[in-house]
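Structure at a glance
If you want the building blocks of each chain, they are given just below.
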Amino acid sequence: QVHLVESGGGLVQVGGSLRLSCAASGGTFSSYAMAWFRQAPGKERELAAAISWSGVSTYYPDSVKGRFTISRDNAKNTVYLQMNSLKREDTAAYYCAAGRGWGGRPLTEDFGSWGQGTQVTVSS
């Protein structure tokens, strides 16, 4: 399994921006589809964004579409999540995940390797 370490979380005001990074090691990063999931207290884990192994395909739920951008640098074994126009409801722990790909919509079970998470708090 690939080892994943997230960074870049923190406290930001409503309307602000953050960029999360996820560094991978111990596997062939370029062969993995990557995703960011998030989980707020008392809620289920949900997808924030996903990207195919090549970077050609991306997927965003409606809640973040137009505000979040996922990207990857296979030379650096790193995936990023650029988050703009942040809202209070974006407050959550954000988790990086690696998997072999997805069908119609990326699901939690499509990803077998997970990072420890990084907290994002959006305040007004």
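Okay, so let's go over this structure. In this text the structure is predicted, and so the values were computed from the model without any measurement.

1. Comments concerning the nonpolar core
In terms of nonpolar packing, the biggest core is built from 29 residues, with Met34, Trp36, Val79, Leu81, Met83 and Tyr94 touching the most fellow members. The set of elements that each furnish at least two residues to this core consists of β3 (18-25), β4 (33-39), β5 (46-51), β7 (68-73), β8 (78-83), β9 (92-99) and β11 (118-123). Ranked by size, the runner-up nonpolar core spans seven residues in total, among them Ala33, Ala50, Ala97 and Phe111.

2. Concerning the side chain of arginine 38
Relative to the elements of secondary structure, arginine 38 occurs in strand β4. Reaching out from arginine 38, the side chain makes a polar contact with the side chain of glutamate 46 at a distance of 2.7 Å. Side chain to side chain, arginine 38 and aspartate 90 meet in a polar contact 2.8 Å long. Beyond its immediate sequence surroundings of up to four residues, arginine 38 is in contact with Glu44, Arg45, Glu46, Ala48, Ser63, Val64, Phe68, Glu89, Asp90, Ala92, Ala93 and Tyr94.

3. Focus on the state of the cysteines
Applying the stated rule across the entire model yields one disulfide. Across the disulfide from cysteine 22 sits cysteine 96; the S-S distance is 2.1 Å. Between cysteine 22 and cysteine 96, the disulfide has an S-S torsion of -80 degrees and is therefore left-handed. With cysteine 22 in strand β3 and cysteine 96 in strand β9, this pair connects stretches of sequence that are 74 residues apart. Accessibility assignment for this pair places cysteine 22 and cysteine 96 in one class, buried.

4. Describing the pattern of salt bridges
One pass over the structure, following the stated rule, counts four salt bridges. Of the charged contacts in the structure, one is a salt bridge between arginine 38 and aspartate 90, with a shortest N-O distance of 2.8 Å. Taken as a pair, arginine 38 in strand β4 and aspartate 90 in the loop between β8 and β9 lie far apart in primary sequence, 52 residues in all. For the salt bridge of lysine 65 with aspartate 62, the shortest nitrogen-to-oxygen distance reads 3.3 Å. Of the two residues, lysine 65 and aspartate 62, both sit in the exposed class. Within the structure, one salt-bridge network assembled from shared partners comprises Arg38, Glu46, Arg67 and Asp90.

About the thresholds
- Residues numbered from 1 in each chain as written.
- Predicted model: local features only at pLDDT ≥ 70, side-chain atom pairs only at ≥ 80, totals over all residues.
- Heavy atoms only, no water.
- Core = buried A, V, L, I, M, F, W, Y, C linked by side-chain atoms within 4.5 Å.
- Buried < 20%, exposed > 50% of the residue type's maximum accessible area, 1.4 Å probe, protein only.
- Helix = DSSP H or I, 4+ residues; strand = E, 2+ residues; numbered from the N terminus.
- Polar contact = N/O pair within 3.5 Å; in protein donor to acceptor, adjacent residues only side chain to side chain.
- Contact = heavy atoms within 4.5 Å.
- Disulfide = S-S within 2.5 Å.
- Salt bridge = Lys/Arg side-chain N within 4 Å of Asp/Glu carboxyl O.

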